[in-house]
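Observations on chain architecture
Residues per chain are reported as follows:
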Number of protein chains: 2
Amino acid sequence: MRPKLTLKQIARELDVSISTVSKALRDSAEISEDTKQKVKAFAKLYNYKPNNIALSLKNRKTKTIGLIVPEIVHHFFTTVIRGIEEYANEKGYHVMVCLSNNSFDKEVINMEMLANGSIDGFILSISKETMLKEDYHHINEVINQGMPVVMFDRVVDQIKCDKVVIDDVEGATKAVQHLLDTGCKKVGLITTPDYINVGKLRTQGYTEALNKNRMPIHEKYILKIEDDSNSEELIKEFVKTEDFDGIFAVNEEYAVQAISALRKTEKEIPEDVSVIGFTDGVISKNFIPKLTTVNQPGTEMGRQAAKLIIDKLEKPETEEEEQYQTIEIKTNLVKRESTR
Amino acid sequence: MRPKLTLKQIARELDVSISTVSKALRDSAEISEDTKQKVKAFAKLYNYKPNNIALSLKNRKTKTIGLIVPEIVHHFFTTVIRGIEEYANEKGYHVMVCLSNNSFDKEVINMEMLANGSIDGFILSISKETMLKEDYHHINEVINQGMPVVMFDRVVDQIKCDKVVIDDVEGATKAVQHLLDTGCKKVGLITTPDYINVGKLRTQGYTEALNKNRMPIHEKYILKIEDDSNSEELIKEFVKTEDFDGIFAVNEEYAVQAISALRKTEKEIPEDVSVIGFTDGVISKNFIPKLTTVNQPGTEMGRQAAKLIIDKLEKPETEEEEQYQTIEIKTNLVKRESTR
């Protein structure tokens, strides 16, 4: 039997991007007529079926949810997966997980693969690259064809669907307010670039807290880390630039790296500098000092995402227009030993 | 459309176990004729197709590998998944991940779901419960039907297939030898019950190292933890029972719990007690002191498992008898600050 032709192979053969092939097969106005004809002719020749979602919808009731996550070596995502699994299993559903590895192309391919009759609906958190490209056609198309999609954590306004997010702004505000309440006067922020929505929202929470307390905001108090592979070096430099007495880091890795760097400059934690992280993972709990941190309830988030999709799958079909909701999960500040 | 009947539903309707249904449908000699007839009649009535694997084999070339792991909130498994993904992607394959949550029933159901035309072969690490029950019919049956299976980490002799394992005995021996070489005279072991094969093998490495150095082995030097939820308490008691100057723990969580417990008894690490863990995860790297640990190369293990299955999938079919191999991945001792 001839192996099934994939989007990727068509893209390679015609020397265009996967996104172009995907859009051309769906007659997108963004693609030139010439390219569309070429792609369609090729797909026809090799008997490629672009539209398996419709087929999958007819056979709905696989009782399986497809889950696409950007990365897996990441405590937060694993707890969300656990929450989704828990709720889905309680309701008699199964879960299949695929990783996008933060790659746009892999995300497109994963969706194609899963929509191919294996699943009834998607839960997903989009890849960094997809956010950077702002190309959401693959997700919008699945939604337009009537397959339920729920997004969590990394969500975007350009996609209309049910969403579950952490209240990142509020979590960050709470953390910075706690630093100020316990006497910090100069609070540094270690965060990610703004195109990562959670980094941006946590940065916003930091500035809101400072504004509310009429504290000045300086660019030099903020470190934005583009590439995690040299975060240790960057943080080491950053903590030396100013005489910080508080540090708020948007994840637990940055927080422990800040503590290690501060210790090398003879600073005591929390006597000289208070440090707060984000995500209550294994590091925060096991580190010495145990980290004060903003807890992201990943399991709860996963359960809510699974509930949203299963409710939609089990709702009798109506002619009414779809209503979407966004559930905001509250964080809470877990006070431990790294703050005064 | 009538929802597809699942193994689980049949089991519930007939008030028997999933394993019984699965075996009855495959005419296992372990099941009484009476039960077999009942199960088969029920399945026929509801048009349940037990044997989708054959169908899947005909349509092979989904270019997708099914992966079943016991748990996901576990750094080691996530690195193995990453390795499998990496290698599979390089070769143009995709990966779908399902979790067994250490449940036998979920493992059986996951295999049924994935074998249903979605994948070309399985990579799996079996659940704790499956090891405890010693019921491997679901895996053996898939293999008998000609679907390639590769097992990793948690493997058993009763299943004949390709396997990838860590050389656990050697890793543990190296760790204990290092403790002895640096002057430890009384080395405690914190491990899991023997039915977890890796716990058993690491315990064996510990005793081999002590034997080789003509050191006595005492039961009271060994703590076997059945239930991780009260490991902290058990470890706190254990480190007080003897005047240990070295501790070898079979995972990094036990190692940091031992360090925290020892500190509460006014012991300094590593001056008074040296501690070595197993698995070089985020905790080991970020803890203070940074942990000396036996590194399990999870990514390498994943890559090897993916290579084994893809090689088999791409090999032209022959009439020769299947040859299976077991690849042993060497560990290495990463010396850091928790040992002298």
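An account of the accompanying structure is given in this report. (Residues numbered from 1 in each chain as written. Chains lettered and ligands numbered in written order. Predicted model: local features only at pLDDT ≥ 70, side-chain atom pairs only at ≥ 80, totals over all residues. Heavy atoms only, no water.)

**Looking at the overall build of chain A**
Test applied: Here a helix means four or more residues in a row that DSSP labels H or I, a strand means two or more in a row labelled E, and each is numbered from the N terminus. For the exposure calls, accessible area comes from a 1.4 Å probe over protein chains only, and a residue counts as buried if that area is under 20% of its type's maximum, exposed if over 50%, partly exposed in between. Should any heavy atoms of two residues lie within 4.5 Å, those residues are considered in contact. Reported accessibility uses the Shrake-Rupley method at a 1.4 Å probe radius. Residues are deemed covered only where the shown protein chains occlude them.
On a plain count of helices and strands, chain A comes out with 14 helices and 12 strands. The dimensions of chain A, computed from C-alpha atoms along their principal axes, are 70 × 45 × 35 Å. Within chain A, buried positions represent 59% of all 340 residues. When contacts within chain A are restricted to residue pairs at least 6 apart in sequence, those whose partners lie at least 24 apart make up 73%. Working note: accessible area of chain A is about 14700 Å², and carbon and sulfur atoms make up 47% of it.

**Quick look at the sheet that holds strand E8 (residues 246-249) of chain B**
All names here are of chain B. Definition in use: In short, DSSP must find at least two bridges between two strands for them to pair. To get an axis, fit a line to the C-alpha atoms, keeping to the stretch in contact for a helix; angles then go from 0 to 180 degrees between the N-to-C directions.
Pairing within the open sheet is mixed, and its six strands lie in the order E7-E6-E8-E9-E10-E12. Strands with a single pairing partner mark the edges of an open sheet, and in this sheet they are strand E7 (222-224) and strand E12 (332-334). With direction set aside, neighbouring strand axes in the sheet form an average angle of 15°. Two strands pair when backbone bridges link them, and strand E6 (residues 187-191) and E8 are joined in this way by four bridges, in the parallel orientation. By the bridge assignment for E8, leucine 189 is matched with phenylalanine 248. On the sheet, helix H10 (residues 197-212) packs against E6, E7, E8 and strand E9 (274-278) and is oriented at approximately 170° with respect to E6.

**Side note on helix H14 (residues 298-314) of chain B**
Residues and elements named next belong to chain B. As a reminder of what qualifies: For a helix, the expected span equals 1.5 Å multiplied by the number of residues minus one.
Taking 1.5 Å as the rise per residue, H14 with 17 residues should run 24 Å; its terminal C-alpha atoms sit 24 Å apart, in good agreement. Inspection of H14 places Gly298, Met301, Gly302, Ala305, Ala306, Leu308, Ile309, Ile310, Lys312 and Leu313 among the buried residues, and these make up the whole buried set. Contacts from the buried residues of H14 go to strand E1 (64-69), helix H5 (75-90), strand E3 (121-124), strand E4 (149-152), strand E5 (162-166) and strand E11 (326-329).

**A word on the packing of aromatic side chains**
Definition in use: In summary, the pairing rule links any two rings of Phe, Tyr or Trp, Trp by its six-membered ring, whose centres are within 6.5 Å, and it sorts them by plane angle into stacked for under 30 degrees, edge-to-face for over 60 and tilted for everything else. Our definition puts a charge over a ring when NZ of Lys or CZ of Arg is within 6 Å of the ring centre and also within 35 degrees of the ring normal.
Under the definition given, this model contains 10 aromatic pairs over all chains. Relative to phenylalanine 152 of chain A, the ring of phenylalanine 77 of chain A lies with its centre 6.2 Å away and its plane at 65°, an arrangement referred to as edge-to-face. Here phenylalanine 152 of chain A lies in strand E4 (residues 149-152) and phenylalanine 77 of chain A lies in helix H5 (residues 75-90), a separation of 75 residues in the sequence. Ring geometry for phenylalanine 76 of chain B against phenylalanine 77 of chain B: centres 5.5 Å apart, planes inclined by 55°, an arrangement best described as tilted. By relative accessible area, which is 3% here, phenylalanine 76 of chain B ends up buried. Grouping aromatic residues by their ring pairs yields a cluster made of Phe76, Phe77 and Phe152 of chain A. The aromatic ring of phenylalanine 278 of chain A is capped on one face by arginine 202 of chain A, whose charged end is 3.7 Å from the ring centroid.

**Topic: a negative patch on the surface**
Going by this rule: Patch membership requires over 30% relative accessible area and the absence of a salt bridge. Like charges are linked within 9 Å, and nonpolar side chains (Val, Leu, Ile, Met, Phe, Trp, Tyr) within 5 Å. The rule for a salt bridge is simple: a side-chain nitrogen of Lys or Arg has to be within 4 Å of a carboxyl oxygen of Asp or Glu. His is not counted, nor are the chain ends, whereas Lys and Arg count as positive and Asp and Glu as negative. Where a charge sits is defined by one atom per residue type, namely NZ (Lys), CZ (Arg), CG (Asp) or CD (Glu).
Together, Glu226, Asp227, Asp228 and Glu253 of chain A give the surface a local cluster of negative charge. Within the element layout of this structure, aspartate 228 of chain A appears in the loop between strand E7 (222-224) and helix H11 (231-241).

**Regarding the packing of helix H1 (residues 7-14) of chain B against helix H2 (residues 18-25) of chain B**
Residue and element names in this part refer to chain B. Quick note on the threshold: An angle counts as roughly parallel when it lies under 35 degrees, as roughly antiparallel when it exceeds 145, as roughly perpendicular when it falls between 65 and 115, and as oblique in every other case.
For the pair H1 and H2, interaxial distance at closest approach is 8 Å and the crossing angle is 105°. In terms of orientation, H1 and H2 fall into the roughly perpendicular class. Within the contact between the two elements, H1 uses Leu7, Lys8, Ile10 and Ala11 and H2 uses Ile18, Val21, Ser22 and Leu25.

**What about the interface of chain A and chain B?**
Short version of the rule: Buried area is a sum: the accessible area each of two parts loses on coming together, probed at 1.4 Å, counted once for each and added. Pairs of N or O atoms within 3.5 Å make up the polar contacts considered here, provided that, within protein, one atom can donate a hydrogen while the other can accept it, and that residues adjacent in sequence are counted only when both atoms are side-chain atoms.
Residue-level contacts link 37 residues of chain A with 37 residues of chain B. Overall, the association of chain A and chain B removes approximately 3300 Å² of surface from exposure, summing both partners, and the carbon and sulfur fraction of that is 66%. Here chain A is connected to chain B by two salt bridges. Residues glutamate 85 of chain B and lysine 106 of chain A are paired through a salt bridge, measuring 2.3 Å at the closest nitrogen-oxygen approach. Where chain A packs against chain B, one counts four residue pairs in polar contact (both at pLDDT 80 or more). Within the residue set of the side of chain A that touches chain B, elements represented by two or more residues are H5, strand E2 (94-99), helix H6 (104-115), helix H12 (252-264) and helix H13 (282-286) of chain A. Broken down by element, the side of chain A that touches chain B gets its largest block of residues, seven residues, from H5 of chain A.

**Digging into the relation of the copies chain A and chain B**
Definition in use: The fit set for superposing copies consists of C-alpha atoms from residues with pLDDT of at least 70 in both; the fit itself is least squares.
Least-squares fitting of chain A to chain B yields an RMSD of 0.0 Å, with the superposition described by an axial translation of 0.0 Å and a rotation of 180°. When the rotation and shift are considered jointly, the pair of chain copies conforms to a two-fold rotation axis. Take the interface residues of chain A: 100% of them recur as interface residues in chain B, which is what a same-surface contact looks like.

**What about the pairing of strand E11 (residues 326-329) of chain A?**
All names here are of chain A. In E11, alternate side chains face the same way, and those of Ile327 and Ile329 are buried while those of Thr326 and Glu328 on the opposite face are not. Relative to E11, strand E5 (residues 162-166) is paired through four bridges, and the arrangement is parallel. Bridging across to E11, valine 165 finds its partner in glutamate 328.

**Things to note about the nonpolar core**
How we decide: Buried residues of nine kinds, namely Ala, Val, Leu, Ile, Met, Phe, Trp, Tyr and Cys, make up a nonpolar core once their side-chain atoms join them within 4.5 Å.
With 58 residues, the main nonpolar core has Leu67, Ile123 and Phe152 of chain A together with Leu67, Ile123 and Phe152 of chain B as its most contacted residues. Counting 48 residues, the second largest nonpolar core, distinct from the first, contains Met151 and Val155 of chain A together with Ala115 and Cys161 of chain B.

**Things to note about unusual backbone geometry**
All names here are of chain A. Residue proline 270 is bonded to the preceding isoleucine 269 through a cis peptide linkage, with omega at 5°. With respect to the helices and strands, proline 270 occurs in the loop between H12 and strand E9 (274-278). Non-glycine residue glutamate 134 carries a positive phi angle of around 55°. Mapped onto the elements, glutamate 134 comes out in the loop between helix H7 (128-133) and helix H8 (137-144). Backbone geometry places glutamate 266, a non-glycine residue, at a positive phi of 70°. Within the secondary structure layout, glutamate 266 lies in the loop between H12 and E9.

**Quick word on the pattern of salt bridges**
Following the criterion strictly, the structure yields 40 salt bridges over all chains and no others. Close ionic contact of arginine 303 of chain B with glutamate 90 of chain B constitutes a salt bridge, the shortest N to O distance being 3.0 Å. You can see arginine 303 of chain B sitting in helix H14 and its partner glutamate 90 of chain B sitting in helix H5, a full 213 residues away along the chain. Exposure remark for arginine 303 of chain B: the relative accessible area of 22% places this residue in the partly exposed category. Assessed through its relative accessible area of 51%, glutamate 90 of chain B is described here as exposed. Each member of the salt-bridge network shares a partner with another, and the members are Lys23, Glu30 and Asp135 of chain A.

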